[in-house]
Amino acid sequence: MKKDEFKFNLNRRSFLGRAGASTLGVSSLVNVVSQLKLMQAAAANTNGGDVVGDDYRALVCIFLNGGCDMNNVVVPIGTHPQANYYQNTRNQVAIPEADITAAGTTINPLSGINAGDQYGLHPSLVNMAQMFEDGELGWMCNVGTLSYPTTKSNYDSITRPDQLFSHSNQVQEWMSSTPNGPFLSGWGGRVAELLNDTANPNSEVSMLITAAGTNDFMVAPPGGLPQYSVTTSGAVSLAGFGTNYDDALNPDGTYQNNANGRRLKAVERIMNYSNAHLLEDGYNTVLRRARENEGLIGDALGIADGLQTAGTVDFDANFAGANNNVGNELKVVAQLIAGRKCLGNKRQIFFVNHGGFDTHQNINGNLPGLLSAVDSAVGAFNQTMKDLEGADTDFNYTDVLGFNASDFNRTFTPNGAPGDLGAGTDHAWGTHAFFFGGSVLGKRIYGAFPDLTVGNNGTQDTPNNNRGRWIPTTSVDQYAAILSSWLGVDTGNGDLDLILPNLERFADPFDAANNINFIDPLA
C-alpha cells in the first residue's frame, strides 16, 4: 500500500468512550505506529492559521508541587467558630491572626455555606486577597481525590484512592481524576481530545501547551494530541545551533557559511524527504512540525512584543515583581495568549508548575517565600489579562480561567514538640484550591471548610490518625467538571462522563445546593 493511501478518520468521542478508562489491547509497536499516523494526519489538517476571533477560551493549570500546606493558606480568624482551635492545635506552625491583619489579607466571603465566617489568607498572599475582595478569585475548600463519597463511618469499608499520602500517586490521581487502577491519561488531555476537532478545526499548534515540561495532566489517550513544550523564552529549539539558531542562521533566515549552518541545512533537507517506511516518515513529520511550530510560537510572541513596544500591554512591568519560576512561566503563557491567533486554537489549555512545597521541616521559614512567588505571579498574570482586554478588541477578561491543584494538603498538627520553630507538617489529604479570572463568581468560598478537630472526636479526620488528614468533601471529579464545562465540554450529552468516568458517583456539581459551581452564568 502506498503511503498516501493511509486514511484516518478517528471519532474522538467514540475513541474516548473506548479508551478513556480502560487499556487498549494492542502491542507497543502498533501504538507507536498509530501515534505517528495520527500526528501525520494532524499535520496535514492544518489550514493556514484561520483567525481565532473573539470565540476564545483558555484554561491555565497552576500546579503546586510537593503538597502545599493549605491549612496555613485559608485560615479561620476572628469570630470563626474554629479560630481558637486553629491557633491552639496548630501550635508553633499556626499563622498569628495579628500577622494576617497587619498584612491586610483578611477576606470576607459574600455567600455560600461558609458565608458569615471570618477568614484570612496567608500574609504572603496580598495580591490574591485583593483579587478575592474584588470578586476575581475564589476558593474550593476540602477538595481531593476520591473513589467514592467517603466519610469517617465508611472509611474502612469503601474503596479509597490508591496509595493515599504518596506524592507520585496523588499527583497522578489529581491529574487523571481516576484514583484506582493504572494511569492511562490526564483529564486535561481527555478534554483536549474531545474538543479539539470541533473547537480547533484550523489548529496550528497543539491545544495542550506546557511551560513546565511534560506532565500527566496533559497526557491524552494513546494516539491522541501531544503536549507541546515551551520554555520561558519561547519554543524549544534544536540543540547545538546556538540561541534561536544564531550560530547557524543569518538575521534574514539564510544559512550561515559555517559548520553549524551547513549542519542545520542538512537536517532540514533530510526532514523534508518523503520516506516509504512509515516510522521514518513519521519521525520526519514530527521533526518538521516541531520546526514549523517554532516559527508559530515565535510569531505569537512577536505579537506580545508589539503590544509591549506600543505600551498597550506592559508584560515586563506587570511581571517585574514576579521574576521567579512560576512567574516566568505564567508570563510566557500570557504572551502566547496575546498572540493566540498565530496558534489557531479557539480552545487552549496551559500548564505551569511551582515546586518546593514538601515542607516536612521549617514550614514557616519556607512557605512564605513559596507563596509570595505564587502570589506575585498570579497577580501579574491577572493584571495582564485585564490589560489585554483593553488592548485587543477580540479578547475579554472572561476568556481565561486560572486554577490551582496540588498533591494534597498536609497534616494539621505539626512535627516536633510544641515550641519547635523548625517544625513542619506531613502528607495529608483534603486540601483547598483557588481559581481566578473574569468568569468566576469570586469573593466566595466553595465546598465546605473542614471540621479542624483532630483524632477520633473529629468528623473529617481519617480514623486512627490524630494528625488532621481531612477526608475530602468535594472530589477532584466535581472540581474538574466545572472547569471542563467552562472550556466547552457539553454537560448534557454524556461527554463529561467520558472525561470524568467517576463523576456520576458524586453529587451534581452544577446543583447550587452543593456550593461547587463557581462559574458566573453572566460571564
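Parameters and conventions
- Residues numbered from 1 in each chain as written.
- Predicted model: local features only at pLDDT ≥ 70, side-chain atom pairs only at ≥ 80, totals over all residues.
- Heavy atoms only, no water.
- Helix = DSSP H or I, 4+ residues; strand = E, 2+ residues; numbered from the N terminus.
- Buried < 20%, exposed > 50% of the residue type's maximum accessible area, 1.4 Å probe, protein only.
- Contact = heavy atoms within 4.5 Å.
- Areas by Shrake-Rupley, 256 points an atom, 1.4 Å probe, with all protein chains shown as cover.
- Core = buried A, V, L, I, M, F, W, Y, C linked by side-chain atoms within 4.5 Å.
- Pairing = 2+ DSSP bridges.
- Salt bridge = Lys/Arg side-chain N within 4 Å of Asp/Glu carboxyl O.
- Phe/Tyr/Trp six-rings, centres within 6.5 Å; stacked < 30°, edge-to-face > 60°.
- pLDDT = per-residue confidence, 0-100.
- Axes fitted to C-alpha atoms, helices over the stretch in contact; angles between N-to-C directions.
- Parallel < 35°, antiparallel > 145°, perpendicular 65-115°, else oblique.
- Nonpolar A, V, L, I, M, F, W, Y, C, P; charged D, E, K, R; others polar.
- Expected span 1.5 Å × (residues − 1).
- Bend = angle between axes of the 7 residues up to and from the residue.
- Polar contact = N/O pair within 3.5 Å; in protein donor to acceptor, adjacent residues only side chain to side chain.

S.K.: Even after reading the chapter, I still don't get the overall build of the protein chain, so can you show me in this structure?
M.R.: Assigned secondary structure in the protein chain consists of 14 helices and 13 strands. A buried classification covers 54% of the 523 residues belonging to the protein chain. Residue pairs in contact within the protein chain that sit at least 24 positions apart in sequence constitute 73% of those at least 6 positions apart. Of the roughly 20,600 Å² that the protein chain leaves accessible, carbon and sulfur atoms contribute 49%.

S.K.: Which parts of the structure should I look at to understand the nonpolar core?
M.R.: The nonpolar side chains of a soluble globular protein tend to be buried with one another. Core analysis: the largest hydrophobic core is formed by 79 residues, its most contacted members being Ile62, Trp139, Leu330, Ile337, Phe350, Phe381 and Phe434. If you tally residues by element for this core, the top one is helix H12 (residues 363–391), at 12 residues. With residues up to four places along the chain from it excluded, the contact list for isoleucine 337 reads Tyr56, Ala58, Phe350, Phe381, Met385, Leu388, Phe395 and Val400. Grouped together as the second largest cluster of nonpolar side chains are 44 residues, Val171, Ala199, Phe403 and Tyr446 included.

S.K.: Would you explain unusual backbone geometry in this entry?
M.R.: Negative phi values dominate among residues other than glycine, just as trans dominates among peptide bonds. Positioned with a positive phi, asparagine 142 is a non-glycine residue whose angle comes to about 50 degrees. Checked against the element boundaries, asparagine 142 lands in strand E5 (residues 137–144). Classification of asparagine 142 as buried rests on a relative accessible area of 0%.

S.K.: I tried to follow the sheet that holds strand E2 (residues 74–76) on my own but got confused; where do I start?
M.R.: Hydrogen bonds along the backbone pair up the strands of a sheet, which may run parallel or antiparallel. Pairing is antiparallel in the open sheet, where 3 strands are placed in the order E2-E4-E3. Edge positions in the sheet fall to E2 and strand E3 (106–107), since each has one partner strand and no second. Here E3 runs beside strand E4 (residues 119–121); their pairing, made up of 2 bridges, is antiparallel. From the neighbouring strand, isoleucine 107 faces E4, where its bridge partner is tyrosine 119.

S.K.: Any chance you could explain the pattern of salt bridges here in plain terms?
M.R.: Should the charged atoms of two oppositely charged side chains come close, the side chains can pair. Overall, the coordinates contain 9 salt bridges when judged by the stated rule. Here lysine 386 and glutamate 136 are joined by a salt bridge, their closest N and O atoms 3.1 Å apart. Residue lysine 386 is found in helix H12, and its partner glutamate 136 is found in the loop between helix H5 (126–133) and E5; the two are separated by 250 residues along the sequence. In this structure, aspartate 358 and arginine 410 form a salt bridge, with 3.0 Å as the shortest nitrogen-oxygen distance. Highlighted residues: aspartate 358 in the loop between strand E9 (347–354) and H12 and arginine 410 in the loop between strand E10 (400–406) and strand E11 (431–436), separated in sequence by 52 residues.

S.K.: Before we go on, may I ask you to explain the packing of aromatic side chains in this structure?
M.R.: Two aromatic rings are characterised by how far apart their centres lie and by the angle between their planes. What the rule picks out here adds up to 19 aromatic pairs. Look at tyrosine 85 and phenylalanine 412: their rings are 6.4 Å apart centre to centre, the planes differ by 0 degrees, and that puts the pair in the stacked class. Taken as a pair, tyrosine 85 in helix H3 (residues 83–90) and phenylalanine 412 in the loop between E10 and E11 lie far apart in primary sequence, 327 residues in all. With relative accessibility at 0%, the residue phenylalanine 412 sits in the buried group. Plain terms: the ring middles of phenylalanine 381 and phenylalanine 436 are 6.2 Å apart, the flat faces sit at 85 degrees to each other, and that makes the pair edge-to-face. Residue phenylalanine 381 is found in helix H12, and its partner phenylalanine 436 is found in strand E11; the two are separated by 55 residues along the sequence. The pair phenylalanine 381 / phenylalanine 436 is uniform in exposure class, with both members buried.

S.K.: Teacher, can you tell me more about the environment of glycine 66 here?
M.R.: Counting through the fold element by element, glycine 66 comes out in the loop between strand E1 (57–64) and E2. Residues glycine 66 and serine 406, 340 residues apart in the sequence, show an inter-C-alpha distance of 7.2 Å. Excluding residues within four positions of it along the chain, glycine 66 makes contact with His167, Phe357, Asp358, Asp407, Phe408 and Arg410.

S.K.: Got a minute to help me understand the confidence of the model for the protein chain in this structure?
M.R.: In low-pLDDT segments, the atomic positions of the prediction should not be examined closely. Confidence in the prediction for the protein chain averages 86 pLDDT; 81% of positions are at 70 or higher. Low pLDDT, under 50, characterises residues 1–15; the predicted model gives this stretch 26 contacts beyond four residues in sequence or across chains. In the predicted structure, residues 17–50 sits below a pLDDT of 50 and forms 53 contacts with residues beyond four places in sequence or in another chain.

S.K.: Explanation requested: the packing of H5 against H12 in the structure shown.
M.R.: Helices that pack against each other are described as a pair by the angle of their axes relative to one another and the distance between those axes. It is at 7 Å that the axes of H5 and H12 come closest, and there the two elements cross at 45 degrees. In terms of their interaxial angle, H5 and H12 are classed as oblique. Side by side, H5 and H12 meet where Val126, Asn127, Met128 and Met131 of the first sit next to Val374, Asp375, Ser376, Val378, Gly379 and Asn382 of the second. In terms of residue class, the contact of H5 with H12 is made up of 5 nonpolar, 4 polar and 1 charged.

S.K.: Any chance you could explain helix H7 (residues 187–199) here in plain terms?
M.R.: An α-helical segment advances 3.6 residues per turn. Residues three or four places apart therefore align on the same side. Given a rise of 1.5 Å per residue, 13 residues ought to cover 18 Å, and the 17 Å separating the end C-alpha atoms of H7 matches this to within 8%. In H7, a bend of some 25 degrees at glutamate 193 exceeds every other bend along the element. The buried count for H7 comes to 11 of 13 residues, which makes it a mostly enclosed element. All of the buried residues in H7 are Trp187, Gly188, Gly189, Arg190, Val191, Ala192, Glu193, Leu194, Leu195, Asn196 and Ala199.

S.K.: What's the story with the environment of alanine 310 in this structure? I'm lost.
M.R.: For alanine 310, the location among the structural elements is in helix H9 (residues 278–310). A C-alpha to C-alpha distance of 9.9 Å links alanine 310 and alanine 391, two positions 81 residues apart in sequence.

S.K.: Help me understand helix H11 (residues 325–338) in this model?
M.R.: Compared with an ideal rise of 1.5 Å per residue, which puts 14 residues at 20 Å, H11 spans 20 Å between its outermost C-alpha atoms and is within 8% of the ideal. Of all 14 residues that make up H11, 12 are buried, and the element is covered over most of its length. Among the residues of H11, Val326, Gly327, Glu329, Leu330, Lys331, Val332, Val333, Ala334, Gln335, Leu336, Ile337 and Ala338 are the ones counted as buried. Measuring from the backbone nitrogen of valine 326 back to the side-chain oxygen at the start of H11 gives 3.4 Å, which picks out asparagine 324 as the cap.

S.K.: Would you mind going over the side chain of serine 177 with me for this structure?
M.R.: Of note, serine 177 is situated in the loop between helix H6 (167–176) and H7. There is a polar contact of 3.2 Å between the side chain of serine 177 and the side chain of arginine 190. Non-local contacts of serine 177, meaning those with residues more than four positions away in its chain, are made with Trp187, Arg190, Val476, Asp477, Ile499, Leu500 and Asn502.

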